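Each chain is listed here by its residues.
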Amino acid sequence: MTMTLSQVYRKIETLLNENGVPDADIDALCLMEHFFGADRTKLILHGNENADENSYQKLFSAAEKRMQGVPLQYIIGKWNFMGYDFYVGQGVLIPRDDTEIAAEEACEFALSIDRPKIIDLCSGSGAIAITVAKTAVNSEVTALEYSENALNYLKKNIELNHAYNVVPFAGDVTKCADSFKDGSFDLIVSNPPYIRSEQIDTLQRELQFEPRMALDGGKDGLFFYRVITEMWYKKLKSGGKLLYEVGEDQCDDVCKILEKYGFENISFRHDLHGYKRTVSGSFFKVES
Ligand SMILES: C[S@@+](CC[C@H](N)C(=O)[O-])C[C@H]1O[C@@H](n2cnc3c(N)ncnc32)[C@H](O)[C@@H]1O
């Protein structure tokens, strides 16, 4: 029996809701838009139109995946971060709203410098690197990532956004600092994995579909902050900035790590929920 667009929307919303999908109405709407091009306005104005059977079948199998916990973003295959679209799928972390704080701070700093040289460590989809490169158009941004899967998405996202001032770099952040000369960068920005290892299995089921490598910050969650600060601080120019996204309760610990390596002007910024979400510091080379 043919259904109208409104009937399909209500059916999918109910199905998602009954199967414990949070914000089922929003997810159902996103799926309607993706498979039928039917946003809220079209549903209101043209909800009585018949739904195409083929699209309905595709929508229904997508809804089944969503009920199993597959993140909506992976099903749709694209997600927007700060006005730019990014391809996402299994193997790459979905860009989060929380990361806008670090990306905004990185953009501000990049815009304050002429032809800034920037490296985004643990770049994933390239959310931060590409946003900064598109904002500060005369910047030169290196996007370093170890996961082959993530790196493939990163390269596709550079193409998608025509962000040709981003250069992808395949490397392990804990091993490849020596590939760059000391004093190379005005800004090192990173949103590294920062969840405590033992916490990962307890997180919501959607997160279990995301790569563990993108989440696991070691026993205390601080592994990458220690290693990156120690191995990379000399790669900054004098007056350069190291900027991290941090987990909800990690600000004080990360500030201490920066202090240990002689960073000055150490500061933090809050996210919209009131958590201290970024930590940054300035590096000044001591002349010998
Ligand atoms: C929390 S995600 C951040 C991704 C992206 N920067 C963002 O903000 O959406 C951390 C990223 O670090 C990468 N990663 C994990 N271990 C790494 C390593 N040893 N070297 C380089 N990248 C690594 C993961 O593959 C993942 O893409």
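Up top is the structure.
In this text, all values refer to a predicted model and were calculated from it rather than measured experimentally.

> Please explain the overall build of the protein as it appears in this structure.
Helix and strand counts for the protein come out as 10 helices and 9 strands. Seen through its C-alpha atoms, the protein measures out along the principal axes to roughly 80 × 40 × 35 Å. Expressed as a percentage of the 288 residues in the protein, the buried residues total 42%. Of the contacts made within the protein by residues no fewer than 6 positions apart, 66% connect residues no fewer than 24 positions apart.

> Any chance you could explain the nonpolar core here in plain terms?
Nonpolar side chains in soluble globular proteins tend to be buried together. One finds Ala106, Val132, Leu187 and Ile188 to be the most contacted residues of the largest nonpolar core, which totals 60 residues. The dominant element in this core, judged by the number of residues it contributes, is helix H6 (residues 100-111), at 7 residues. Those residues within four positions of isoleucine 188 in sequence are excluded, and the remaining contacts are Ile119, Leu121, Trp232, Lys235, Leu236 and Leu242. Tyr9, Val21, Met32 and Ala63 belong to the second largest nonpolar core, which has 18 residues in total.

> What am I meant to see in the site of the ligand here?
Near the ligand there are 22 residues, and of these Cys122, Gly124, Tyr146, Val173 and Ala214 occur at the shortest range. Partitioned by chemical class, the residues of the shell around the ligand number 13 nonpolar, 7 polar and 2 charged.

> Whenever I open this one, the sheet that holds strand S5 (residues 166-170) confuses me. Can you help?
Sheet strands pair by backbone hydrogen bonding; their relative direction is either parallel or antiparallel. As summarised here, the arrangement of the 7 strands in space is S5-S4-S3-S6-S7-S9-S8, forming an open sheet in which the pairing is mixed. The two strands at the open ends of the sheet, each matched to only one other strand, are S5 and strand S8 (264-270). When the angles between neighbouring strand axes are averaged without regard to direction, this sheet yields 15°. Here strand S6 (residues 185-190) runs beside strand S7 (residues 236-245); their pairing, made up of 5 bridges, is parallel. The residue of S7 that forms the bridge with leucine 187 is lysine 241. On the sheet, helix H7 (residues 127-135) packs against strand S3 (117-121), strand S4 (140-145), S5 and S6 and is oriented at approximately 175° with respect to S4.

> Would you explain helix H2 (residues 24-36) in this entry?
Since the α-helix advances by 3.6 residues per turn, residues separated by three or four positions end up pointing in the same direction. The terminal C-alpha atoms of H2, which comprises 13 residues, lie 17 Å apart, in line with the 18 Å expected from a rise of 1.5 Å per residue. For H2, the set of buried residues is Ala24, Asp27, Ala28, Leu31, Met32, Phe35 and Phe36. For H2, the angular spread of the buried residues around the axis is 140°, confining them to a single face. Considering only its buried residues, H2 is in contact with helix H1 (5-18), helix H3 (40-46), helix H4 (53-67) and helix H5 (72-76).

> I keep staring at the packing of H1 against H4 and nothing clicks. Help me out?
A packed helix pair is summarised by two numbers, namely the angle formed by the two axes and the spacing between the axes. Here H1 crosses H4 at 15°, and the two axes come no closer than 10 Å. Judged on the interaxial angle alone, H4 and H1 are roughly parallel. Here the hand of the crossing between H1 and H4 comes out right-handed. Listed contacts from H4 to Val8, Ile12, Leu15 and Leu16 of H1 are Tyr56, Leu59, Ala63, Arg66 and Met67. The residue inventory of the contact of H1 with H4, partitioned by class, reads 8 nonpolar, no polar and 1 charged.

> How should I be thinking about the environment of threonine 135 in this particular structure?
Looking at the element boundaries, threonine 135 is found in helix H7. The class of threonine 135 is partly exposed, set by 18 C-beta atoms lying within 10 Å. Through-space distance from the C-alpha of threonine 135 to that of aspartate 97 is 18 Å; in sequence the pair is 38 residues apart. The residues touching threonine 135, leaving out its near neighbours within four places in the chain, are Cys107, Ala110 and Leu111.

> Is there a simple way to think about the pairing of strand S1 (residues 78-81) in this case?
The two faces of the sheet receive side chains in turn, since in a regular strand these alternate between them. Of the pairings in the sheet, the one linking S1 to strand S2 (residues 84-87) comprises 4 bridges and is antiparallel in character. Bridging across to S2, asparagine 80 finds its partner in aspartate 85. Between S1 and S2, which pair antiparallel and follow one another directly, the connecting turn spans 2 residues, one of which, methionine 82, has a positive phi of 50°.

Rules and cut-offs
Residues numbered from 1 in each chain as written. Predicted model: local features only at pLDDT ≥ 70, side-chain atom pairs only at ≥ 80, totals over all residues. Helix = DSSP H or I, 4+ residues; strand = E, 2+ residues; numbered from the N terminus. Buried ≥ 20, exposed ≤ 12 C-beta atoms within 10 Å, placed from the backbone. Contact = placed C-beta atoms within 7 Å. Core = buried A, V, L, I, M, F, W, Y, C linked by C-beta atoms within 7 Å. Near = placed C-beta within 6 Å. Nonpolar A, V, L, I, M, F, W, Y, C, P; charged D, E, K, R; others polar. Pairing = 2+ DSSP bridges. Axes fitted to C-alpha atoms, helices over the stretch in contact; angles between N-to-C directions. Expected span 1.5 Å × (residues − 1). Arc of directions from axis to C-beta. Parallel < 35°, antiparallel > 145°, perpendicular 65-115°, else oblique. Left-handed = near helix turned anticlockwise from the far one by under 90°.

So yeah, pure geometry; function would need other evidence.
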